[in-house]
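Overview (structure and organization)
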Amino acid sequence: MGTTEGRPRAGWWASLAFRWLAGLALLVVVACGAIAVALQVTPLQTVTVAGQVIQVGATSPNLSWSGPGEVDLFGQSLPTNIRFSGPVRPRLQLSQITINSELTTFVEGTHGAGAERILGARLADGWKRYFAWETAVVGAGTLILVGALAGWRRVPYRTTIKLLAAGLLIAEALNVGAIMITTYTAPDRLRRVHSLNELVGSLTHPPRIDPAGRPLRRVQAVVIGDSTAAGAGLTPAPGVSGNARACGRSLDSYAADLSDVNGWKVLNLACNGATISHGLLGPQDQNGVRLPPQLAEAERASRASVVIVSVGADDLNWAAEVRYCSVTTNCNDKATAAYFQQQLASFSKDYLDLLSRLAVLPGHPQVIINRYYNPFGAQPGCLSRAGLTPTNLQTLTSRLATLNTVLAKGAAQFQFSSPQPDFAGHQLCTAQPYVQGLSSPAPFHPTAAGQLAIALADQAALSQPTSREQVVPRQPAA
């Protein structure tokens, strides 16, 4: 008889234990959902450093227990040089860059303790505030979800109160437990940061620009950049210096067009193969000639009202991308996509340094960052002879658009102009192309008509200055 009574009692206890475990599992699932939602909806915390606005938040959780944080720069998510512990790490977003005397310190940093205390301490405070808000959002989300479930199942009032308390306790325990390591270690590591370059920049600081030579006081506009600005493949300018010949600068470049239209003396410093680090901010070896940094030469033109920049293609090794897409059936494979993203991330870091230096040029000239034209068009046409299929052309067009987005976002954050030259209807395989053909000295580069189209885009940008570009281009000196 005792045996008969024991079996129902054992079954009752087993049923009760199962219900408790099921309830606990449900509360854990609800807690995890609340944490995931909180990490997405918790407002970023704003800190201001040297006049620059940074928003501090958290990355999405992952399975790794240590790794870099993230910095959102010009639409690119870049890993920080600093590694953090825990599955959730700090994420920093540059939401506003203001041009002032402290900008260079913000980007490059100083070796003084003051800069370290200001930037590092404010980043650490922003992270603490974010985590406090995230904890509150987790609690609120958990209460809402558990309350909704209890109402749906018509759970009694007292039981609902107990479920709410248990759900809140479990959610906050999981939240604090999962992010605890980051919460306690991240502020200390953030306090050691005294420059943006220390977070996402190169490990070696580029040299300071040191202009050498006599001032160029009669120059009204300066063009710096790569082969697009140089006018590669077009008629060489007569009687030019050895540097100009080595760089392939042309009489038909858009710099010459702007000079003719406005009556300016335009200094064209662009060079074939120039990148930001080897050409614009650092010296460049080109055809046996050692060239000084283009920006150093530009600083000699301290009275110039306009500086126009064309850069990015050589930084991303664009010519190699096009060649690869011409010899493979699908150039959007994982390896090449990863390579492109790696090159784009590296370019974004260098681009930040270039923009910060352009912002503090003597005289604060109007700065124009040219975006790239689309040389391909929607149909392959004659490009099929070069092996460029519609699928691969779509990949190249998409990646070119991504580069242009980075150029435009960076320019916008510094309040620079970023015009887009319009080659629509004049791509390579059309009747009147603005692009040099496959058998030309510089395939895919602008023709003389293409250079004029770029000049027209720049001219339109000159007539519509941004908020910090209220300088009227000076007329030629008498």
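This one's a predicted model, so the numbers in the text were calculated from it and none came from an experiment. (Residues numbered from 1 in each chain as written. Predicted model: local features only at pLDDT ≥ 70, side-chain atom pairs only at ≥ 80, totals over all residues. Heavy atoms only, no water.)

Further remarks concern the overall build of the protein. A count of helices and strands for the protein gives 13 helices and 11 strands. In the protein, buried positions account for 47% of the 478 residues. Accessible surface computed for the protein: about 22600 Å², of which carbon and sulfur atoms make up 59%. (Helix = DSSP H or I, 4+ residues; strand = E, 2+ residues; numbered from the N terminus. Buried < 20%, exposed > 50% of the residue type's maximum accessible area, 1.4 Å probe, protein only. Areas by Shrake-Rupley, 256 points an atom, 1.4 Å probe, with all protein chains shown as cover.)

A turn of α-helix holds 3.6 residues, and therefore any two residues three or four places apart point the same way. For helix α10 (residues 318-325), every residue scored as buried is listed here: W318, E321, V322 and C325. Seen end-on, α10 carries its buried residues on one side only, within an arc spanning 95°. (Arc of directions from axis to C-beta.)

Take the environment of G242 next. Along the chain, G242 falls in helix α7 (residues 242-247). In this structure the C-alpha to C-alpha distance between G242 and V289, which are 47 residues apart in sequence, comes to 8.1 Å.

Turning next to the state of the cysteines. Counting across every chain of the model gives three disulfides. A sulfur-sulfur separation of 2.1 Å characterises the disulfide bridge that pairs C325 with C331. Residues C325 and C331 are joined by a disulfide whose S-S torsion is about 90°; by sign, that bridge is right-handed. Since its relative accessible area comes to 0%, C331 is described here as buried. Between the sulfur of C382 and that of C429 lies a disulfide, 2.1 Å long from S to S. Taking the torsion about the S-S bond as the criterion, the C382 to C429 disulfide, at about -90°, is left-handed. Here C429 lies in the loop between α12 (390-413) and α13 (448-462) and C382 lies in the loop between β11 (366-369) and α12, a separation of 47 residues in the sequence. A relative accessible area of 31% places C429 in the partly exposed class. For the protein, numbering the cysteines in disulfides from first to last along the sequence yields the connectivity 1-2, 3-4, 5-6. (Disulfide = S-S within 2.5 Å.)

It is worth spelling out the nonpolar core at this point. If you look at the biggest cluster of nonpolar residues, it comprises 108 residues, and the most contacted ones within it are L123, V222, I224, Y351, L358 and I369. Here this core gets 10 residues from one element, more than from any other, and that element is helix α11 (residues 334-359). In contact with L358, other than residues within four places in its own chain, are I224, L295, V307, V309, V367, I369 and F416. (Core = buried A, V, L, I, M, F, W, Y, C linked by side-chain atoms within 4.5 Å. Contact = heavy atoms within 4.5 Å.)

This paragraph deals with the pairing of strand β6 (residues 221-225). Looking along a regular strand, one sees side chains alternate from face to face of the sheet. Of all five residues in β6, five are buried; the element is thus mostly enclosed. Direction of pairing for β6 relative to strand β7 (residues 266-268): parallel, over a ladder of three bridges. Within the sheet, the bridge partner assigned to V223 lies in β7 and is N268. Summarising the sheet, β6 and strand β10 (residues 306-310) pair through five bridges and their orientation is parallel. (Pairing = 2+ DSSP bridges.)

The next point concerns the pattern of salt bridges. The full count for this structure, using the stated rule, is five salt bridges. Here D72 makes a salt bridge to R91, at a shortest N to O gap of 2.6 Å. In this pair, D72 sits in strand β3 (residues 66-73) while R91 sits in strand β5 (residues 90-96), placing the two residues 19 residues apart along the sequence. On the basis of relative accessible area, D72 is assigned to the buried category, the value being 18%. With a shortest N-O distance of 3.2 Å, R357 and D353 are connected by a salt bridge. Placement of both R357 and D353 in helix α11 is noted, with a separation of four residues, approximately one turn of the helix. D353 carries the same exposure label as R357, and that label is buried. (Salt bridge = Lys/Arg side-chain N within 4 Å of Asp/Glu carboxyl O.)

This paragraph deals with the confidence of the model for the protein. Summarising the model, the protein shows a mean pLDDT of 81, and 81% of its residues fall at 70 or more. The model gives residues 469-478 a pLDDT under 50, and that stretch makes 26 contacts with residues more than four places away or in other chains. (pLDDT = per-residue confidence, 0-100.)

Moving on, we get to the pairing of β11. Burial along β11 is two-sided: the residues Q366 and I368 and V367 and I369 are all buried. The pairing of β10 with β11 spans four bridges and is parallel. Opposite V309, over in β11, you have I369 as the bridge partner.

Bringing the packing of aromatic side chains into the picture now. This model, assessed by the stated rule, comprises seven aromatic pairs. Three or more aromatic residues joined by ring pairs make a cluster, and in this case those are F74, F347 and Y351. (Phe/Tyr/Trp six-rings, centres within 6.5 Å; stacked < 30°, edge-to-face > 60°.)

Moving on to the environment of I54. Tracing the backbone through its elements, the reader meets I54 in strand β2 (residues 52-58). Looking at I54, the relative accessible area reads 4%, which means it is buried. C-alpha of I54 to C-alpha of R122: the two residues are 68 residues apart in sequence and 9.7 Å apart in space.

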